[in-house]
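# Breakdown of the fold
One letter stands for each residue in the lines below.
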Amino acid sequence: MKIIRILNNNSVVATDEKNREVVLFGAGLGYMKARGQPVEDEKIEKRFYMEEKKKLNRFAELINSIPMEYILFSQQIIDEAKIKYGKQLEDNIYISLPDHIANAVDGAKQGIHTKNPMLWDIKRFYKDEFEIGEYALTVIAEKTGIELEMDEAAYIALHFVNAEIGGSKDTALDITRMMQEISELVKQKFQIDFDEESLAYYRYITHLKFFAQRVLNQSYYTDEDEDLFRMVIRKYPEEYGCVKQICEFLEKDFSYRVGIDEKTYLTVHIARVVKR
C-alpha cells in the first residue's frame, strides 16, 4: 500500500492492492512520512474503507477534529451492532456516531444534557437500535468516565436507524413521529395498549417503519390487487375504518394518497396487533 495523504502522525489515507482508498490507523504510521511512500504494514492497527470519496474526505476531516479514542470505541459499538444484531450499515455511521459521541461527552463535561422528547417512542419503535444505544452508554462510561443520560441512548439509536435506512437525523425523527401518530390513532380507535413483546407487534412496527419511509419518499407500490383488498376490508371492517383515518391524516399532513396495496397490508397488520 502507498500513502496518498497524511492526516496526522498516527493516521494516513492510502491505496491498497486493489487501488481502493483506505484510512489507516497505527502508532507513528504517518510520522516523518510523505505522499507516495509505502505503508509500514506492521504498524497498521485499524482500517476503514468507504465507498464514496465524499464520505472518505469527511471521515479524514473528523480524524483531525476529535480525539482518536472516539473513533476507535465507536467502531467497537458499530461492530457490536453488526455482530449481535446483524445490522447492515451504511458508511456514514463511522462519521456520524463518533462525531455525536464526542459532542455529547463534551457537553456532559460542561453540565449540558439535551433531553430527547422522543425517548420513549424511539425505545418502543426501535428496540434493537435502542439496545445498541444502551450498550454505547456503557462503552462511553468505561472509556471516558462520563455517564451520559438515557436520552443519549435514544439519540445514538437514531444514528443506527439512519445508517440502516439512509437519510438524515431529521428523516428518522419524521419517521418516528409518523409512527407515533399512527399508533396513537390505532390505540384510541381500539382502546388498547400494545403487547410490545409480541411477534405481531414486532411485525406491525417493522411494516410501519418502511411504510413511513415510503410516505416521506412519496413512493408507491406499482401493482395493486383489488380482489385481495376487497376481501381484507370485508374481513376486517373495523380495522379498515382505522386505516381510513390514517389515510386522511397522511393526506392532510404529508400530501400522500395511500394506495390500495398499502391499505391492504396496513389493515392486516393492524388486525393482527389489536387481536385480543
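Before reading further, recall that the structure is shown in the block above.
Residues numbered from 1 in each chain as written. Predicted model: local features only at pLDDT ≥ 70, side-chain atom pairs only at ≥ 80, totals over all residues. Heavy atoms only, no water.

### What to know about helix α8 (residues 199-217)
At 3.6 residues per turn, the α-helix brings residues three or four places apart onto the same side. Applicable threshold: Each helix is a run of H or I in the DSSP string that is no shorter than four residues. Each strand is a run of E no shorter than two, and both are numbered from the N terminus. By this rule, a helix spans an expected 1.5 Å times one less than how many residues it contains. Throughout this description, buried means an accessible area under 20% of the type-specific maximum (1.4 Å probe, protein chains only), exposed means over 50%, and partly exposed covers the range between.
With 19 residues, α8 should reach 27 Å at 1.5 Å per residue; the first-to-last C-alpha distance of 27 Å fits that figure. Of the positions making up α8, those classed as buried are Y201, Y204, I205, H207, L208, K209, F211, A212, Q213, R214 and V215. Phi turns positive one or two residues past the end of α8, at Q218, with a value near 55 degrees.

### A word on the packing of aromatic side chains
In plain terms, the rule: Only rings of Phe, Tyr and Trp enter the pairing, Trp through its six-membered ring, and a pair is recorded when the two centres are within 6.5 Å. The plane angle decides the type: under 30 degrees is stacked, over 60 is edge-to-face, the rest tilted.
Inspection of every chain in the model, using the stated rule, returns seven aromatic pairs. When the centroid spacing of 6.1 Å and the interplanar angle of 45 degrees are considered together, the rings of Y201 and Y204 count as tilted. You can see Y201 and its partner Y204 sitting in helix α8, three residues apart, about one turn around the helix. Like Y201, the residue Y204 is buried in the burial classification. Aromatic pair F229 and Y240: ring centres 5.6 Å apart, planes at 80 degrees, arrangement edge-to-face. Of the two residues, F229 is situated in helix α9 (residues 226-235) and Y240 in helix α10 (residues 237-254); the sequence distance between them amounts to 11 residues. According to the relative accessible area criterion, F229 is buried, its value standing at 12%. Exposure remark for Y240: the relative accessible area of 14% places this residue in the buried category.

### Topic: unusual backbone geometry
At M32, a residue that is not glycine, the phi angle is positive and equals roughly 55 degrees. Considering the arrangement of structural elements, one finds M32 in the loop between β3 (21-25) and β4 (46-49). Even without a glycine there, the phi angle at Q191 is positive, about 50 degrees. By the element assignment, Q191 lies in the loop between α7 (169-190) and α8.

### Brief notes about the packing of helix α2 (residues 68-85) against helix α3 (residues 93-109)
Applicable threshold: Helix axes are fitted to C-alpha atoms over the stretch in contact, other axes to C-alpha atoms as well, and angles between N-to-C directions run from 0 to 180 degrees. By definition in this entry, angles of less than 35 degrees are roughly parallel, angles greater than 145 are roughly antiparallel, angles of 65 to 115 are roughly perpendicular, and the rest are oblique. We call a crossing left-handed when the near helix sits turned anticlockwise from the far one by less than a right angle, and right-handed when that turn is clockwise. In what follows, a contact means two residues having at least one pair of non-hydrogen atoms within 4.5 Å.
Contact geometry for α2 and α3: axes closest at 9 Å, N-to-C directions at 120 degrees. Our classification of the angle between α2 and α3 gives oblique. Here the hand of the crossing between α2 and α3 comes out right-handed. Here Y70, I71, F73, S74, Q75, I77, I78 and K82 of α2 come into contact with α3, specifically with I93, Y94, L97, P98, I101, A102, V105 and K109.

### Points about helix α5 (residues 127-144)
Between its first and last C-alpha atoms α5 spans 26 Å; for 18 residues at 1.5 Å apiece the expected length is 26 Å, and the two agree. With its phi angle positive at about 80 degrees, G145 sits one or two positions after the end of α5.

### Brief notes about the side chain of R124
Positionally, R124 belongs in helix α4 (residues 119-125). Excluding residues within four positions of it along the chain, R124 makes contact with E196 and Y201.

### Describing the sheet that holds β4
Selection criterion: Strand pairing follows a simple DSSP-based rule, namely that at least 2 bridges must link the two strands.
Spatial strand order, β1-β2-β3-β4: four strands in an open sheet with antiparallel pairing. This sheet does not close on itself; its edge strands, each paired only once, are β1 (2-8) and β4. Between one strand and the next, the sheet's axes are offset by a mean angle of 25 degrees, whatever the strand orientation. Note that strand β2 (residues 11-15) and β3 share five bridges and pair antiparallel. By the bridge assignment, T15 is partnered in β3 with E21. Across the sheet, helix α1 (residues 53-63) lies against β1, β2, β3 and β4, angled at about 20 degrees from β3, the strand it touches most.

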